[in-house]
Amino acid sequence: MFRTALRNVLAHKGRLLMTVLAVMLGVAFVAGTLVFTSTVQEAYQKSSEKGFSHVDVAIQPDAGDGDDGTPGPPPKLSRQTLEKAAALPGAESATGVVSGFAALAGKDGGLVGEGWSTRGANYYAGPDGGGEDPRYPMRDGRPPREPGEVALDARTAERTGYEVGDTVRMSVDGPVREEKIVGVFTTDDGNVAAGGTLVLFDDATAQRLFAEPGHYTEIQLAAASGTSQRELKAQAEKVLPPESEAVTGQRLADDQSKAIEQQMSGFQTAMLAFAGISLFVGIFIIANTFTMLVAQRTKELALLRAVGASRRQVTRSVLVEATAVGAVAAVAGLGAGVGIAVGLRALVGSFGEMPEGGLIISPTTIVVSLLVGVVVTVLAAWLPARRAARIPPVAAMGSVHAPSTTRSLVLRNTVGALFAGAGTALVLAATSMEDGKAPMGLGAGLLLIGVFVLTPLLSRPLIAAAAPVLRLFHVSGKLARQNAVRNPRRTAATASALMIGLTLITGLTVVAAGVQQAIDKMATDSLKADYSVSMANYTPLSPDVERTLSGLDQVTASSPLRNSESRIDGETEYLTGVRADSIDELVSLDFTAGSWSGVAGGEKVVVDSATAGDHGWNVGSAFEVTYEDGKTGELTVAGIYQGNEMIQGIMLDTATLTPHMAQVTDMQVMVKTADGTGAAVKDALEKGLGNNPAILVQDKEDISESIAQLISVLLNILYGLLAMAVIVAVLGVVNTLAMSVFERGQEIGMLRAIGLDRRGVKRMVRLESLVISLFGGVLGIGLGVFLGWAVGELIAASLDTYTLVLPWDRIAVFLALAAVVGVLAALWPARRAARLNMLTAIKTE
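Residues numbered from 1 in each chain as written. Predicted model: local features only at pLDDT ≥ 70, side-chain atom pairs only at ≥ 80, totals over all residues. Heavy atoms only, no water.

Participant: What should I look at first to understand the overall build of the protein in this one?
Facilitator: Of the regular secondary structure elements, the protein holds 27 helices and 24 strands. Taking all 845 residues of the protein together, 50% fall into the buried category. Within the protein, contacts between residues separated by at least 24 positions form 81% of all contacts whose residues are at least 6 apart in sequence. Surface accessibility of the protein: about 38,200 Å² in total, with carbon and sulfur atoms responsible for 57%. (Helix = DSSP H or I, 4+ residues; strand = E, 2+ residues; numbered from the N terminus. Buried < 20%, exposed > 50% of the residue type's maximum accessible area, 1.4 Å probe, protein only. Contact = heavy atoms within 4.5 Å. Areas by Shrake-Rupley, 256 points an atom, 1.4 Å probe, with all protein chains shown as cover.)

Take a look at the structure:
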């Protein structure tokens, strides 16, 4: 039986080709994801290990609340701590480190990098300032020694074309700075290896920009010969200032490796989920293929039964065929997956540099890929294998294939209806739950399974609805409709593969359209300001920016949004400082009680309704607050408003909040101008800020567009990942039609003999493919709209401005895509059908 199974695989290799391709694509997705994430993770880990190679122990601030639970002042590492650490018997050297955000402008005036990875740091030249910093060996020039001088990492210098002697424009917290490049250095810094930018300042300047004069954010120790990291850590703990800790270099490297692993884990999970979708869709193709092969080989299987083969042996022979097909597909998929990983690495490298490293193909990746391919194929072939064993030998020898009994169809429809009903009920119930994500996911899964089981029942009425259009194609159209409903289970399995892909694509599109409109409405309803000014990477702004803007002739009103941590009723709450005398001109708050009256210059606040409800506040309620500097005060509620994702929380006058802030910074500045919005006004504001590349000046339309671009990029990525499922579905349609043409060879020969020409045969097969694809497309789009609406109801609970939006243009594109799938999938089967020799086909049994 084993030899028979292998011979059957070789005999039907053409018909199994599409199955191999379907499984191969899914396995390639899995293997590519595993190889790519392992490669990137290994490269970053090695890069991080290099970055910490000179650190044996690090002394770091340990920020936390004070003994009374109130936020304490920011921890500091003073020069005295650095000197004590350097004097430790086990320390060979001690280096003070201070770093933070530093935006660098390129020669074209634009921001270098994406903003998030543009960093600034100090060049520590020793206690007397005359030494060298081993972290940053100079390739060209010299290190910075005084204000106005900087050094640039070699990768950034090559990327931007800057050289020693050039003057660069940059920004740390808003105001533009002009610095002279005096050196170019090399570094093992992982951020730089990943495409980031690093600018070095002299020690005093870096302290002033990123910490406080005479203080560091970290002290790094190198151990003397014969001293272990653990021994040096024990020594360092004796000189630790309050609210700080000593950490070994090994732990720093391990922590960074874990952080990298966690970041890659989310990406890996998402990619594997889409690979799972592709494999799930592939299951329909595999099951369909083996079902048709079993149906076409009834005589052969009956003969095996007649000569003594048991049902178990017949089942086993089909599963052996599936195992062979799965193994071939898995090996091919593993090879293709390595190619995908190489392509992904090149793609990521085109957006930003990646640390160097070889391709990592672990034993786990190989085993998982092979197991996935074989197990998925065998599971999908199990039901057809059982069906093969149940064929009565006498009925098969007489070429009578037993159709599905009424009992089996009733059972199938009953099970499908129960699943679909339970799924629909669960989805509807989840829309009104406070946390309905899990029930929603379970309900969606049950609904999809239920609709799949019911698809044979749904196929007849839905395909019959296309009859008026098919009549336009005369005999070919009539035959196409009859062929499509001849075997409802086969049609259902083929259409379901496409249905699943379009369900997900449509659902995502509906949700994205609703979210985009909600954000647009939120921006329009909440903001009166003409412009919002913030840092490019949304780090804090210097208060100088707001002062500069308020002094411009075009600006009629401005206010910062200034955040500070506090403790209220034993809980951490963030206070937002605003210019209370002008804020009403810049934001539109929907007050349910009270107003801004009394907030300017006083101890009064306005609070969003959610926060007020949590604390049981009403207008006139007074409460005690502990500011970030540890001082306490009493604030009174002057107004309660409806908050949203853009504006929420406790707001008070900057005059009340600012004296309690250790470091005064703004998250953004809102601006109202005399001439409203326009290109000229925006240019004037940007010019007033020194054409700073690190600062974003955005009107309401810009804010909406930036969020829309983010949603669009995310949606396009998801479309690209789901395209794999659609490709697998196309293979399914091709496979079904090709095997159907083989199965109906005698019938096609008879049609040719009685006058149907080759063009008519081609048209018949194409229309059959089109009908099946559109059937799957209509089901998928319908389910996608329903699930998109349901997910939107969950979103609406936290996003008040969310409403259902049906993007009819995209829905029409998806339906057209289903039609294109049908047309393309029919090209080869239709050509093959038209080329059949009618006499040979008629003689075929």
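Participant: What exactly am I supposed to notice about the sheet that holds strand 1 (residues 57-61) here?
Facilitator: Strand pairing in a sheet takes place through backbone hydrogen bonds and is either antiparallel or parallel in direction. In space, the four strands of this open sheet follow the order 3-13-1-14, with antiparallel pairing throughout. With one partner strand each, in any of the chains shown, strand 3 (91-97) and strand 14 (244-248) form the two edges of the open sheet. Averaged over neighbouring strand pairs, the angle between their axes works out to 20 degrees when direction is ignored. Bridging between strand 1 and strand 14 involves five bridges; their strand directions are antiparallel. (Pairing = 2+ DSSP bridges. Axes fitted to C-alpha atoms, helices over the stretch in contact; angles between N-to-C directions.)

Participant: Quick question: what am I supposed to make of the packing of helix 14 (residues 437-464) against helix 17 (residues 488-526) here?
Facilitator: Each pair of packed helices can be described by the angle between their axes along with the distance between the axes. Closest axis-to-axis distance for the helix 14/helix 17 pair is 9 Å, and the angle between their directions is 120 degrees. When the axes of helix 14 and helix 17 are compared, the pair comes out oblique. Viewed along their axes, helix 14 and helix 17 form a crossing whose handedness is right-handed. Within the contact between the two elements, helix 14 uses L448, V451, F452, T455, P456, S459, R460 and I463 and helix 17 uses P488, R489, T491, A492, A493, S496, M499 and T503. (Parallel < 35°, antiparallel > 145°, perpendicular 65-115°, else oblique. Left-handed = near helix turned anticlockwise from the far one by under 90°.)

Participant: So what exactly am I meant to see when it comes to the confidence of the model for the protein here?
Facilitator: Interpreting fine coordinate detail is not advised for predicted regions of low pLDDT. Predicted confidence across the protein gives a mean pLDDT of 82, with 89% of residues reaching 70 or more. This stretch, residues 65-73, has a pLDDT under 50; its non-local contacts, to residues over four places away or in other chains, come to 15 contacts. (pLDDT = per-residue confidence, 0-100.)

Participant: Sorry, what's going on with the pairing of strand 16 (residues 555-568) here?
Facilitator: On a regular strand, each side chain points to the face opposite its neighbour's, so the side chains alternate between the two faces of the sheet. The element strand 16 is largely enclosed, with a buried count of 11 among its 14 residues. In terms of strand pairing, strand 16 meets strand 23 (residues 668-673) through six bridges, oriented antiparallel. Within strand 23, the residue paired with S558 across the bridge is V671. Where strand 16 lies against strand 17 (residues 571-578), seven bridges are found, and the strand directions are antiparallel. Bridge pairing in strand 17 links R567 to T572. From the end of strand 16 to the start of strand 17, which pair antiparallel, there are two residues, and D569 there has a positive phi angle of about 55 degrees.

Participant: Mind showing me how you'd approach helix 25 (residues 808-825) here?
Facilitator: Count 3.6 residues to each turn of an α-helix, and residues three or four apart come out pointing the same way. The terminal C-alpha atoms of helix 25, which comprises 18 residues, lie 26 Å apart, in line with the 26 Å expected from a rise of 1.5 Å per residue. Those residues of helix 25 lying buried are I811, F814, A818, V821, G822 and A825. Down the axis of helix 25, the sector holding all buried residues measures 100 degrees, keeping them to one side. Facing away from the buried side of helix 25, by more than 90 degrees, are the exposed residues W808, D809, V813 and L824. (Expected span 1.5 Å × (residues − 1). Arc of directions from axis to C-beta.)

Participant: How should I be thinking about the pattern of salt bridges in this particular structure?
Facilitator: Oppositely charged side chains may form a pair once their charged atoms are brought near each other. Applying the stated rule across the entire model yields 12 salt bridges. The partner of D203 in a salt bridge is R79, with the nearest N and O atoms 3.3 Å apart. Here R79 lies in helix 3 (residues 79-86) and D203 lies in helix 6 (residues 203-210), a separation of 124 residues in the sequence. Across the salt bridge formed by R142 and E149, the nearest N and O atoms sit 2.7 Å from each other. (Salt bridge = Lys/Arg side-chain N within 4 Å of Asp/Glu carboxyl O.)

Participant: For this particular structure, what's the right way to read the packing of aromatic side chains?
Facilitator: Aromatic ring pairs are described here by two measures, namely the spacing of the ring centres and the angle between the planes. Scanning the entire structure with this criterion turns up seven aromatic pairs. Geometrically, the ring pair formed by F201 and F210 is edge-to-face, given 6.0 Å between the ring centres and 70 degrees between the ring planes. Joined through ring pairs, the aromatic side chains of F591, W596 and Y641 make up one cluster. (Phe/Tyr/Trp six-rings, centres within 6.5 Å; stacked < 30°, edge-to-face > 60°.)

Participant: Quick question: what am I supposed to make of a nonpolar patch on the surface here?
Facilitator: Together, V331, V342, L359, I361, I366 and L370 make up an exposed nonpolar region whose accessible area comes to about 450 Å². Elements supplying a minimum of two residues to the nonpolar patch: helix 10 (311-351) and helix 11 (363-389). According to the relative accessible area criterion, V331 is exposed, its value standing at 55%. (Patch = residues over 30% accessible without salt bridge, like charges linked within 9 Å, V, L, I, M, F, W, Y side chains within 5 Å.)

Participant: Sorry if this is basic, but what is going on with unusual backbone geometry here?
Facilitator: The phi torsion of most residues other than glycine is negative, and most of the peptide bonds are trans. Unusually for a residue other than glycine, E243 sits at a positive phi of about 60 degrees. Topologically, E243 is positioned in the loop between helix 7 (229-236) and strand 14. The phi dihedral of D569 falls on the positive side, at around 55 degrees, and the residue is not glycine. Considering the arrangement of structural elements, one finds D569 in the loop between strand 16 and strand 17. Judged by its relative accessible area of 51%, D569 falls in the exposed class.

Participant: Explain a positive patch on the surface to me, please; I cannot follow it from the model alone.
Facilitator: A cluster of basic residues, R311, R386, R387 and R390, forms a positive patch at the surface. Assignment of secondary structure puts R311 in helix 10. (Lys, Arg positive; Asp, Glu negative; His and termini not counted. Charge placed at Lys NZ, Arg CZ, Asp CG, Glu CD.)

Participant: It is not clear to me how the side chain of D203 should be interpreted in this structure. Could you clarify?
Facilitator: A residue is classified by how much of its surface remains accessible, and D203, at 13% relative accessible area, is buried. Within the local environment of D203, its side chain forms a polar contact with the side chain of R79, the two groups lying 3.3 Å apart. For D203, the contacting residues outside a window of four places in its chain are R79, N122, Y123, Y124 and Y216. (Polar contact = N/O pair within 3.5 Å; in protein donor to acceptor, adjacent residues only side chain to side chain.)

Participant: How should I be thinking about the nonpolar core in this particular structure?
Facilitator: Most often, soluble globular proteins keep nonpolar side chains buried together rather than apart. The biggest cluster of nonpolar side chains holds 85 residues, and the ones touching the most others in it are V281, F290 and L498. Broken down by element, the residue count for this core peaks at 13 residues, all from helix 17. Excluding residues within four positions of it along the chain, V281 makes contact with A497, I500, A725, V728 and A729. (Core = buried A, V, L, I, M, F, W, Y, C linked by side-chain atoms within 4.5 Å.)

Participant: What exactly am I supposed to notice about the packing of helix 24 (residues 758-796) against helix 26 (residues 827-834) here?
Facilitator: Helix 26 packs onto helix 24 with a crossing angle of 145 degrees between their chain directions and a minimal axis gap of 8 Å. The two elements helix 24 and helix 26 cross, and the hand of that crossing is right-handed. Facing helix 24, whose interface residues are R758, V761, K762, V765 and R766, helix 26 presents P829, A830, R831, A833 and A834. Here the contact of helix 24 with helix 26 is built from residues that sort into six nonpolar, no polar and four charged. (Nonpolar A, V, L, I, M, F, W, Y, C, P; charged D, E, K, R; others polar.)

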